[in-house]
Amino acid sequence: MPRNPRTSSRTARTAATAAIALAGATLSLASTGSAHAASVATWDKVAHCESTDNWQINTGNRYYGGLQILLSTWNAFGGREYASYPHQATKQQQIIVAERILAGQGAGAWGSCGAEAGLADDHATPYPTTPPAPVGMVHLTAADLTGDGKKDLVGVESATGTLYLYPGNGDGTLGDRVRIGSGWGGMSKLAAADFTGDGRADLAAVENTTGNLYVYPGSGTAGGMNTLGARVRIGSGWGAMRDLTALDVNKDGRPDLLAIDSGGALWAYPGSGGAAGMSTLGDRAQIGSGWNAMTELAAPGDLNSDGTADLVAVDPSGSLWKYPATGSLNGMNTLGDRDRIGSGWDSMRQLVGADFNGDGKGDLDAVQAPTGSTGTFYFYPGNGDGGFADRTRIGNGW
Ligand SMILES: [Ca+2]
Ligand SMILES: [Ca+2]
Ligand SMILES: [Ca+2]
Ligand SMILES: [Ca+2]
């Protein structure tokens, strides 16, 4: 039974305003964005109050489903495109229609249940079905692909799926980009390092449709579309892994691959440094847990001049953390204690690390841009003491 059934007078008012509100609903949504919206978590609270989480409930009280919607209101806000009655629709469909009711009638349509859930104050979009169109350069990674000893940058232009190489000038700035691949819109999770052990940096990437992990062997020269050779499959089931980062965690001179799984476990895949195909990477070992909330993993090199490479990542509060590799692949002790080395990094994205200016100290590059927009590309030179000197702008429209 709903804990909060509405009175009949309230019912009549709800039905009457529904029809009037319908015409304005679209206008209101368009002009105010997500001003009238709520997250799934908030809708869950409303449903807990209204129906004790029973999204298929029909007690005969004329209110239906998890959010106890009147049939007239359901019809007025287009619910019939999903089901004849609210309780016959899925939870997601009920929430989508409830979003329209919220936009048209406000949180008061759910009375005290809406107030208790904070429905009027949430403003999140429960199902962002139209994510912002991809813009700028994405999947950035760095290594010396041109064979001149200077770290270069590689990334995919999201609008075109073109793979570009930005040759490093050795001082943190980048030369004119060169097109080195096409059709990369279907690839993601790029990580550059010499996986094949021939002294030339290669590119690893996951094919979105199959989850296969491929290595594109580097030629060691800037050869336009011939910079990378024919790809070789080195893994499968990588679709659910994220934040692939090349880092030699066991200090054997062979780059290893780090990645986070959907459960928040951080894994290290030791590079075999010379094997090909499916034995390019050895058996993985879990080296961390609770990484669900960490993003923007990058391997800048040695940040604090202790001779070991470091891993960095950003937490939801915008703190930038340094995780020192101990030099041995030793399960949960592979990484040492982390240090907080920056704040405000939640406004940055596409973090990519390397010693871009060749002074032996690890550096970072990152894009600062509002969601859905291109922005400015910055170089953060490492100071060798765990921090960074003043950033310099090295690109626009990223
Ligand atoms: Ca180079
Ligand atoms: Ca190689
Ligand atoms: Ca290694
Ligand atoms: Ca440096």
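Residues numbered from 1 in each chain as written. Chains lettered and ligands numbered in written order. Predicted model: local features only at pLDDT ≥ 70, side-chain atom pairs only at ≥ 80, totals over all residues. Heavy atoms only, no water.

**A word on the overall build of the protein**
Part 1: A tally of helices and strands in the protein yields 5 helices and 22 strands.
Part 2: Each of the 398 residues in the protein was classed as buried or not, and the buried ones make up 51%.
Part 3: Long-range contacts, defined as pairs at least 24 residues apart, comprise 45% of the intrachain contacts of the protein with a sequence gap of at least 6. (Helix = DSSP H or I, 4+ residues; strand = E, 2+ residues; numbered from the N terminus. Buried < 20%, exposed > 50% of the residue type's maximum accessible area, 1.4 Å probe, protein only. Contact = heavy atoms within 4.5 Å.)

**Digging into the side chain of Lys-322**
Part 1: If you trace the backbone, Lys-322 turns up in strand E17 (residues 320-324).
Part 2: Those residues in contact with Lys-322 that sit more than four places away from it in its chain are Leu-303, Asn-304, Asp-310, Leu-311, Val-312, Asp-337, Arg-338, Asp-339 and Ile-341.

**Considering the sheet that holds strand E3 (residues 137-143)**
Part 1: With antiparallel pairing, the 4 strands of this open sheet are ordered in space as E3-E4-E5-E6. One side of each edge strand has no neighbouring strand; the edge strands of this open sheet are E3 and strand E6 (178-181). Going from strand to strand, the sheet's axes swing by 30° on average, the running direction of each strand aside.
Part 2: Inspection of the sheet shows strand E5 (residues 162-166) paired to E6 by 3 bridges, in the antiparallel sense. Each bridged residue has a counterpart across the sheet, and for Leu-163 the counterpart in E6 is Gly-181. (Pairing = 2+ DSSP bridges. Axes fitted to C-alpha atoms, helices over the stretch in contact; angles between N-to-C directions.)

**Comments concerning the confidence of the model for the protein**
Part 1: In the predicted model, the protein carries a mean pLDDT of 88, and the fraction of residues at 70 or more is 89%.
Part 2: Segment residues 1-33 is flagged for pLDDT under 50; beyond a separation of four residues in sequence, or across chains, it makes 48 contacts in the model. (pLDDT = per-residue confidence, 0-100.)

**Overview of the packing of aromatic side chains**
Part 1: Tallied over the full model, the rule gives 12 aromatic pairs.
Part 2: Arranged with centres 4.0 Å apart and planes meeting at 10°, the rings of Phe-377 and Trp-398 form a pair that is stacked. Of this pair, Phe-377 sits in strand E21 (residues 376-380) while Trp-398 sits in the segment after strand E22 (392-395), and the two are 21 residues apart along the sequence.
Part 3: Take Trp-398: its relative accessible area is 6%, and that puts it in the buried class.
Part 4: Joined through ring pairs, the aromatic side chains of Trp-345, Tyr-378, Tyr-380 and Phe-388 make up one cluster.
Part 5: One Lys or Arg, Arg-177, reaches over the ring of Tyr-164 and ends 3.6 Å from the middle of that ring.
Part 6: Lying across the ring of Trp-321, Arg-338 places its NZ or CZ 3.5 Å from the centre. (Phe/Tyr/Trp six-rings, centres within 6.5 Å; stacked < 30°, edge-to-face > 60°. Lys NZ or Arg CZ within 6 Å of the ring centre and 35° of its normal.)

**As for the nonpolar core**
Part 1: Counting 22 residues, the largest nonpolar core has Trp-43, Val-46, Leu-67, Ile-101, Leu-102, Trp-110 and Leu-119 as the members making the most contacts within it.
Part 2: Examining the composition of this core, we find that 5 residues originate from one element, helix H4 (residues 91-105), more than from any other.
Part 3: Excluding residues within four positions of it along the chain, Leu-102 makes contact with His-36, Ala-37, Ala-38, Trp-43, Ala-107, Trp-110 and Leu-119. (Core = buried A, V, L, I, M, F, W, Y, C linked by side-chain atoms within 4.5 Å.)

**Re the coordination of the calcium ion (ligand 4)**
Part 1: Coordination of the calcium ion (ligand 4) by the protein comes from Asp-355 (OD), Asn-357 (OD1), Asp-359 (OD), Lys-361 (O), Asp-363 (OD) and Asp-363 (OD), over a distance range of 2.2 to 2.5 Å.
Part 2: Coordination geometry of the calcium ion (ligand 4): the 6 donor atoms subtend angles of 55 to 167° at the metal centre, consistent with an arrangement described as irregular.
Part 3: All donors of the calcium ion (ligand 4) belong to a single chain; written as a sequence motif, their spacing is D-x1-N-x1-D-x1-K-x1-D.
Part 4: Accessibility expressed as a relative area gives 38% for Asp-359, which makes it partly exposed. (Donors = N, O, S within 2.8 Å, 3.2 Å for Na, K, Ca; no water. Tetrahedral: all angles 85-135°; square planar, octahedral: opposite > 155°, others 65-115°.)

**What to know about the coordination of the calcium ion (ligand 1)**
Part 1: Protein-derived coordination of the calcium ion (ligand 1) comes from Asp-144 (OD), Thr-146 (OG1), Asp-148 (OD), Lys-150 (O), Asp-152 (OD) and Asp-152 (OD), at a distance range of 2.2 to 2.4 Å.
Part 2: Considering all 6 donor atoms around the calcium ion (ligand 1), angles at the metal cover 55 to 171° and the coordination shape is irregular.
Part 3: The motif formed by the donor residues of the calcium ion (ligand 1), counted along the single chain, is D-x1-T-x1-D-x1-K-x1-D.
Part 4: Classification of Thr-146 as buried rests on a relative accessible area of 14%.

**Notes on helix H2 (residues 40-51)**
Part 1: If you check H2, its first and last C-alpha atoms are 15 Å apart, about what 12 residues at 1.5 Å a residue would give, namely 16 Å.
Part 2: Where H2 terminates, the next one or two residues include Thr-52, which has phi positive at roughly 45°. (Expected span 1.5 Å × (residues − 1).)

**Observations regarding the environment of Glu-157**
Part 1: Relative to the elements of secondary structure, Glu-157 occurs in strand E4 (residues 152-157).
Part 2: Every residue in contact with Glu-157, bar those within four places of it in the chain, is listed here: Gly-136, Met-137, Thr-162, Tyr-164 and Arg-177.
Part 3: Engagement of the side chain of Glu-157 in a polar contact is seen with the side chain of Thr-160, the distance being 2.7 Å. (Polar contact = N/O pair within 3.5 Å; in protein donor to acceptor, adjacent residues only side chain to side chain.)

**Quick look at the state of the cysteines**
Part 1: Across all of its chains, the model carries 1 disulfide by this definition.
Part 2: Disulfide pairing places Cys-49 opposite Cys-113 at an S-S distance of 1.9 Å. Across the S-S bond linking Cys-49 and Cys-113, the dihedral sits near -70°, which makes this disulfide left-handed. With a gap of 64 residues between them, Cys-49 in helix H2 and Cys-113 in helix H5 (residues 111-117) connect regions that are remote in the sequence. (Disulfide = S-S within 2.5 Å.)

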